[in-house]
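Listed here are the chains, written in short residue letters.
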Amino acid sequence: MEIVASSKMLRIVILLSVVAFVIGYGHQTVAAPTLSVSPLVLDYGFTLNSLTLTIKNAGDGTLSWSANENPTEAWITIVGTNSGNLTAGQTAQVQVDILRSGLPQGPNYGEIQVTSNAGNQTVDIIVEIGPTPTTPILYLEPSVLDFNINLTSLKFKVKNRGVGTLTWQAAEDPETSWITSISPSSGSLASMEESESTVLVSRFALNNGIYKSLITISSNAGNQQIEVEMIVGSRPAIIRANVGGTSYTDVNSNFWSTDRPYHEGAWGHVRGHPYNVTADIKNTQDDALYQDELFWLDAYRFDVSNGNYTVTLHFAELYYNYNNGRVFDLYIENQLMLDDFDIYRSVGFQTATSRKFTNIPVTDGRLDVEFVHIKAHGELTAIELFSEIVAAPYISVNPTSLQFNATVGGSNPPSQTITVTNTGGGTLAWTATEQPNQSWLSLSNTSGGSGDQVTVAVTIAGLSAGTYNGTVRISDPNASNNPVDVPVTLTVSSSSAGRLTLQLRDHSYAYPGEDWSNAIDGDVSGWDGTVTTDGDPPYAIFEFSGGATKQISKVRLLTDTGVGMSARWVRDFRVQVSTTG
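First, a word on what this report is: a plain description of the structure on this page.

**Brief notes about the overall build of the protein**
Thought 1: Counting its regular elements, the protein contains three helices and 46 strands.
Thought 2: Scored against the burial criterion, the 581 residues of the protein give a buried share of 42%.
Thought 3: Long-range contacts, defined here as pairs at least 24 residues apart, represent 67% of the contacts in the protein between residues at least 6 apart.
Thought 4: About 29900 Å² of surface is accessible on the protein, with carbon and sulfur atoms providing 50% of the total.

**Some remarks on the environment of G187**
Thought 1: By the secondary structure assignment, G187 is in strand β15 (residues 186-189).
Thought 2: With 18 residues separating them along the chain, G187 and Q169 place their C-alpha atoms 6.7 Å apart.
Thought 3: Residues in contact with G187, not counting those within four places in the same chain, are L166, T167 and W168.

**Examining unusual backbone geometry**
Thought 1: Along the chain, Q435 connects to P436 via a cis peptide bond; the corresponding omega equals -10 degrees.
Thought 2: Within the element layout of this structure, P436 appears in the loop between β34 (430-434) and β35 (441-444).
Thought 3: For the bond running from N482 to P483, omega is -10 degrees, close enough to zero to count as cis.
Thought 4: Within the secondary structure layout, P483 lies in the loop between β38 (466-475) and β39 (484-493).
Thought 5: A positive phi angle, near 65 degrees, is found at A205, a position not held by glycine.

**Notes on the packing of aromatic side chains**
Thought 1: Overall, the coordinates contain 14 aromatic pairs when judged by the stated rule.
Thought 2: The rings of Y275, Y319, Y320 and Y322 are connected pair by pair, giving a single aromatic cluster.
Thought 3: Sitting over the face of the ring of Y139, R161 holds its NZ or CZ atom 5.4 Å from the ring centroid.

**Considerations on the pairing of strand β24 (residues 307-315)**
Thought 1: Counting buried positions over the nine residues of β24 gives eight, a clear majority of the element.
Thought 2: Summarising the sheet, β24 and strand β30 (residues 382-387) pair through six bridges and their orientation is antiparallel. Note on β30: the bridge partner recorded for V311 is L385.

**Quick notes on the sheet that holds strand β10 (residues 138-141)**
Thought 1: Read from one edge to the other, the open sheet built from four strands follows the order β10-β12-β16-β14, with strand pairing classed as antiparallel. With partners counted over all chains shown, the strands left at the sheet margins are β10 and β14 (179-183), one partner each. Averaged over all pairs of adjacent strands, the angle between strand axes in this sheet comes to 20 degrees, irrespective of strand direction.
Thought 2: Here four bridges tie β10 to strand β12 (residues 153-160), and the two strands are oriented antiparallel to one another. Across the sheet, the residue bridging to L138 is N160, located in β12.

**Some details on the nonpolar core**
Thought 1: One finds F315, L367, V369 and I383 to be the most contacted residues of the largest nonpolar core, which totals 28 residues.
Thought 2: Contributing elements (two or more residues each) for this core: β19 (238-242), β23 (292-303), β24, β25 (327-332), β26 (335-341), β27 (353-362), β28 (366-375) and β30.
Thought 3: If near-sequence neighbours (up to four positions away) are discounted, L367 is found in contact with Y300, R301, F302, V304, Y309, V311, I332, E333, I360, V362 and L385.

**Some details on the sheet that holds strand β33 (residues 416-422)**
Thought 1: Ordered by their spatial adjacency, four strands build an open sheet running β31-β33-β37-β35, and the pairing between neighbours is antiparallel. What marks the edges here is a single partner per strand, and that holds for β31 (395-398) and β35. Neighbour-to-neighbour, the strand axes of the sheet open up by a mean angle of 25 degrees, direction not taken into account.

**Thoughts on the layout of surface pockets**
Thought 1: One number sums up the size of the second largest pocket: a volume of about 690 Å³.
Thought 2: What lines the second largest pocket is a set of 22 residues, and nearest its centre among them are Y109, F295, W296, Y319 and Y320.
Thought 3: Of all the secondary structure elements, the ones that give two or more residues to the lining of the second largest pocket are β8 (106-116), β22 (267-276) and β23.
Thought 4: Per-element tally for the lining of the second largest pocket: the top contributor is β8, with four residues.
Thought 5: Taken together, the residues of the lining of the second largest pocket break down into 12 nonpolar, seven polar and three charged.

**Things to note about the pattern of salt bridges**
Thought 1: Under the counting rule described, the total for this entry stands at 16 salt bridges.
Thought 2: In this structure, the salt-bridge partner of R271 is D124, at a minimum N-O distance of 2.1 Å. Within this pair, whereas R271 is found in strand β22, its partner D124 is found in strand β9 (residues 121-129), the two being separated by 147 residues in sequence.
Thought 3: Using a relative accessible area of 7% as the deciding quantity, one classes D124 as buried.
Thought 4: Its salt-bridge partner being E194, residue K157 comes within 3.5 Å of it at the nearest N-O pair. In this pair, K157 sits in strand β12 while E194 sits in strand β16 (residues 194-201), placing the two residues 37 residues apart along the sequence.
Thought 5: Look at the salt bridges and you will find they share partners, linking D43, E128, K159 and R161 into a network.

**Some remarks on the pairing of strand β13 (residues 166-172)**
Thought 1: Of the pairings in the sheet, the one linking β13 to β15 comprises four bridges and is antiparallel in character. Looking at β15, one finds that L166 is bridged to L189.

So, how was this worked out
- Residues numbered from 1 in each chain as written.
- Predicted model: local features only at pLDDT ≥ 70, side-chain atom pairs only at ≥ 80, totals over all residues.
- Heavy atoms only, no water.
- Helix = DSSP H or I, 4+ residues; strand = E, 2+ residues; numbered from the N terminus.
- Buried < 20%, exposed > 50% of the residue type's maximum accessible area, 1.4 Å probe, protein only.
- Contact = heavy atoms within 4.5 Å.
- Areas by Shrake-Rupley, 256 points an atom, 1.4 Å probe, with all protein chains shown as cover.
- Phe/Tyr/Trp six-rings, centres within 6.5 Å; stacked < 30°, edge-to-face > 60°.
- Lys NZ or Arg CZ within 6 Å of the ring centre and 35° of its normal.
- Pairing = 2+ DSSP bridges.
- Axes fitted to C-alpha atoms, helices over the stretch in contact; angles between N-to-C directions.
- Core = buried A, V, L, I, M, F, W, Y, C linked by side-chain atoms within 4.5 Å.
- 1 Å grid on protein atoms, 1.4 Å probe; cavity = no way out; pocket = protein on both sides within 12 Å on 5 of 7 lines; lining within 4 Å.
- Points joined across faces, edges and corners; volume = space filled by probe spheres on them.
- Nonpolar A, V, L, I, M, F, W, Y, C, P; charged D, E, K, R; others polar.
- Salt bridge = Lys/Arg side-chain N within 4 Å of Asp/Glu carboxyl O.

Below, the structure written as structure tokens:
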């Protein structure tokens, strides 16, 4: 009986263990591979014919991958291994050779497609055809650093696309205090070598607005500049970009920003190669906006607040002078907006056209415009993004504090103004008040809109020497940052240090026509101050720059001609003057 019971117990325990193992295994997470490809651009420049890709499983499990050329690009060849399986951390090398013969002059672009069970990746290929350079060539990427509303660190690359050694140095505009660091800021690069620098910015104590500056890269191969942009406060309601081109102001005085690659927290293109023409563009007065394009464009992205937006896309077919040369689909926020779009079929060759899409909802903080290539590659010459959200006003003041200085018994200092502007949306209607009410502080023009000023004045009558503090409060209940306080400081000093007024008595003789404006000390040694005269009858004011006690034994008054005579000496006197007043 006991043996049987023990056997049953044993069988039960084994059964439960098996069940527990099966249940536990069923809840285990299956390891997933991660595809990593580097570099994402193979730049052969003017001289290279062979480069290598690295494929890596940056995750777990097994990565199954393959790399393939575009069949229409016969000048690109993968040599050797082009597929395989990689376990966690393993890498594989892929050799990619190019054949320059038959390629047209200028930049040529191609691609390698890497596919895997962990996603796909496109590798761009750039080949320059032309005379072999004999000197270094300076190349910068990107041409714009966009710090937008919250970024404080971005990078740029310096590359030598020529031969020989490139020496370079980077410097910000000396008047731009908000660019705080460029590191490294200089270096030397061999042929096809590149380096990366980090740029830091600070928004501390800056008023709201859009800040722009330049970083200049000086080198033995010429100089180039990188545009730097930063926003303090909220994003602008409208973004216009000259895709593939630099900044431009159109015939309606609208400003179009320089194109830039997308990075998180900002906006820009994803992939894409530039192409430009100088030909006149039909159907527009803004030829420059349509003469530059990006082709081979995968997407254009904007990191924005959630809400509804209007997107306007501008196109011109600059390359294919026939139907069905370039055909692509276009999606905005995963919605098909243009199906089998052929720019040439729509409007013809080198002719401007645009497509506007309204009420586009964004719920994930990013608006995506995506191009799906059907024949050739999608292209874009310009893009506009307009927020349909009516943003709240944002109060900006300049200056952000006021300082007044006065002397006991003296006159009131000049009044000062505070300019109030709206750097947000909507309409700003502000009022200005004293917080708390101060008898010495008064305001005029105490209400207004964006761009108006409030005048601040102080009265020192009855005030003793000391420091007085007050506040001007700018308010608008509809503003997102209501209220904004502007500190006001009034410093009242006793009689100026080192100053003594000497009143000339009536019996001090003055010859007719003599001028009292030129008074000097009769002592030659030890004088380190100034003397001026004023008033009727005249008096002399002695000012000292040192901290020691001064002794004046004589004062001489000169005429306009500067001719002095002993008879014109004022009666001798002795005055002890302290620089502490």
